[in-house]
Amino acid sequence: MSIELQMLGTGNAFAKNYHNNNALIHVGDYTLMVDCGITAPLALHQLGKTVNEIDAILITHIHGDHVGGLEELGFQMKFIYNRKPVLYIASTLVRPLWEHTLSGGMTQEGIERIEDVFDVRPIVAEQPITLTEGLDIELIQTPHIDGKNSYSFLVNETIFYSGDMKFQPHLLEHLVYERGVQTILHDCQLHPPGIVHATLDELLSLPEQVRSTILLMHYNDDKEDFIGKTKEMTFLEQHQFYTLG
Ligand SMILES: O=c1ccn([C@@H]2O[C@@H]3COP(=O)(O)O[C@H]3[C@H]2O)c(=O)[nH]1
Ligand SMILES: [Zn+2]
Ligand SMILES: [Zn+2]
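Read on for an overview of the structure. Computed from a predicted model, the values in this text were never measured in an experiment.

Calculation rules
- Residues numbered from 1 in each chain as written.
- Chains lettered and ligands numbered in written order.
- Predicted model: local features only at pLDDT ≥ 70, side-chain atom pairs only at ≥ 80, totals over all residues.
- Heavy atoms only, no water.
- Helix = DSSP H or I, 4+ residues; strand = E, 2+ residues; numbered from the N terminus.
- Buried < 20%, exposed > 50% of the residue type's maximum accessible area, 1.4 Å probe, protein only.
- Contact = heavy atoms within 4.5 Å.
- Pairing = 2+ DSSP bridges.
- Axes fitted to C-alpha atoms, helices over the stretch in contact; angles between N-to-C directions.
- Donors = N, O, S within 2.8 Å, 3.2 Å for Na, K, Ca; no water.

**Some points on the overall build of the protein chain**
1) Next: Each helix and strand in the protein chain was counted, giving 7 helices and 14 strands.
2) Next: Projected onto its principal axes, the C-alpha positions of the protein chain cover 55 × 35 × 35 Å.
3) Next: Taking all 245 residues of the protein chain together, the buried fraction comes to 54%.
4) Next: Contacts in the protein chain between residues at least 24 apart in sequence constitute 60% of all its contacts with a sequence separation of at least 6.

Right, dumping it as structure tokens:
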């Protein structure tokens, strides 16, 4: 079954021309939000949507451009919509998300644990889960910041979405050649050094067959200067709809 992808933003953590690299994945009436960064509530508003239209959120890692909007989302859901949003997150990230990121702003009478605001669904890498009919997710742990857990994921076995990750050519080739992945949505640091992200030059070094599956996201503000310089790879555009799978 195909999915509809709409990026809330396609910018990197410091981008000002683009929102944070967060996404909406639609399958039928179901809407999954992938990451909820600082700019996610504004991006939703600009699309004429409210948080009430989100069925669940999936988190890749706990940098601000991926979780910085969760406090607002959680509070809006609780105090405006009287809902507890479903939060899919690696089991390793549940405590860090609450204790290092959310608890300072959210702790008050009646909110002492992350479960008081979110319907937390801890997930484990390499154990696929079904979110709704036609939407299966499998987390894959991928390196980003040394000593911190970070995850990418597969959608319906054929679409790979990179959480922020360092260049992993063997993984990307394995996914395309051996797991039948047809589309790779990849974060891309346009200017070296990438260090914690793959750079455009690194992604350009991949075999043509792999490059031809790649849509670039999480890019810098001067992305327009790189149009025509990405070989078979193309830039994802925020707010546009893509039918994948
Ligand atoms: O060791 C580090 C840690 C972080 N950073 C920057 O901070 C940003 C945090 O969000 P991000 O993961 O989207 O991108 C990261 C980089 O831009 C870095 O350059 N080196
Ligand atoms: Zn990021
Ligand atoms: Zn990051």
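**Let's talk about the sheet that holds strand S8 (residues 135-141)**
Paired through backbone hydrogen bonds, the strands of a sheet run either parallel or antiparallel to each other.
1) Next: A sheet is described by the order of its strands in space; here 7 strands give the open sequence S7-S8-S9-S10-S11-S12-S13, paired in mixed fashion. Every interior strand has two partners, whereas the edge strands, strand S7 (129-132) and strand S13 (234-235), have only one.
2) Next: Pairing of strand S12 (residues 214-217) with S13, which is carried by 2 bridges, proceeds in the parallel orientation. Looking at the pairing, Leu216 lines up with Phe235 of S13.

**With respect to the pairing of strand S1 (residues 3-7)**
1) Next: Within S1, 4 of the 5 residues are buried, which leaves the element mostly enclosed by the surrounding structure.
2) Next: The pairing of S1 with strand S14 (residues 241-244) spans 4 bridges and is antiparallel. Bridge pairing in S14 links Ile3 to Leu244.
3) Next: As defined by bridge partners, S1 adjoins strand S2 (residues 23-27) across 4 bridges and the pair is classed as antiparallel. In the strand pairing of S2, Leu5 is matched with Ile25.

**Things to note about the sheet that holds strand S4 (residues 56-58)**
1) Next: One open sheet accounts for 7 strands, arranged S6-S5-S4-S3-S2-S1-S14; its pairing is mixed. Of all strands in the sheet, those with a lone pairing partner are strand S6 (119-123) and S14, marking the two edges. Each adjacent strand pair in this sheet contributes to an overall mean axis angle of 25 degrees, direction not counted.
2) Next: For S2 and strand S3 (residues 30-34), the ladder comprises 5 bridges, and the chain directions are antiparallel. The residue bridging Leu24 from the neighbouring strand is Met33, located in S3.
3) Next: Packing of helix H4 (residues 91-106) onto the sheet brings it into contact with strand S5 (86-90) and S6, and relative to S5 it is tilted by some 110 degrees.

**Details of the coordination of the zinc ion (ligand 2)**
1) Next: Only Asp65 (OD), His66 (NE2), Asp164 (OD) and His218 (NE2) from the protein reach the zinc ion (ligand 2) as donors, at distances of 2.0 to 2.3 Å.
2) Next: Within one chain, the residues donating to the zinc ion (ligand 2) are spaced in sequence as D-H-x97-D-x53-H.
3) Next: Distance-wise, the zinc ion (ligand 3) is placed 3.7 Å from the zinc ion (ligand 2), both being coordinated by Asp164. Remark: His218 occurs in the loop between S12 and S13 and Asp164 occurs in the loop between strand S10 (159-161) and helix H5 (169-178); sequence separation between them is 54 residues. Take Asp164 and His218: they sit in the same class, and that class is buried.

**Concerning the coordination of the zinc ion (ligand 3)**
For a metal with four tetrahedral donors the ideal donor-metal-donor angle is 109.5 degrees, while six octahedral donors give ideal angles of 90 or 180 degrees.
1) Next: Donor atoms from the polypeptide that coordinate the zinc ion (ligand 3) comprise His61 (NE2), His63 (ND1), His144 (NE2) and Asp164 (OD), at 2.2 Å from the metal.
2) Next: For His63, a relative accessible area of 27% puts it in the partly exposed group.
3) Next: According to the relative accessible area criterion, His144 is buried, its value standing at 3%.

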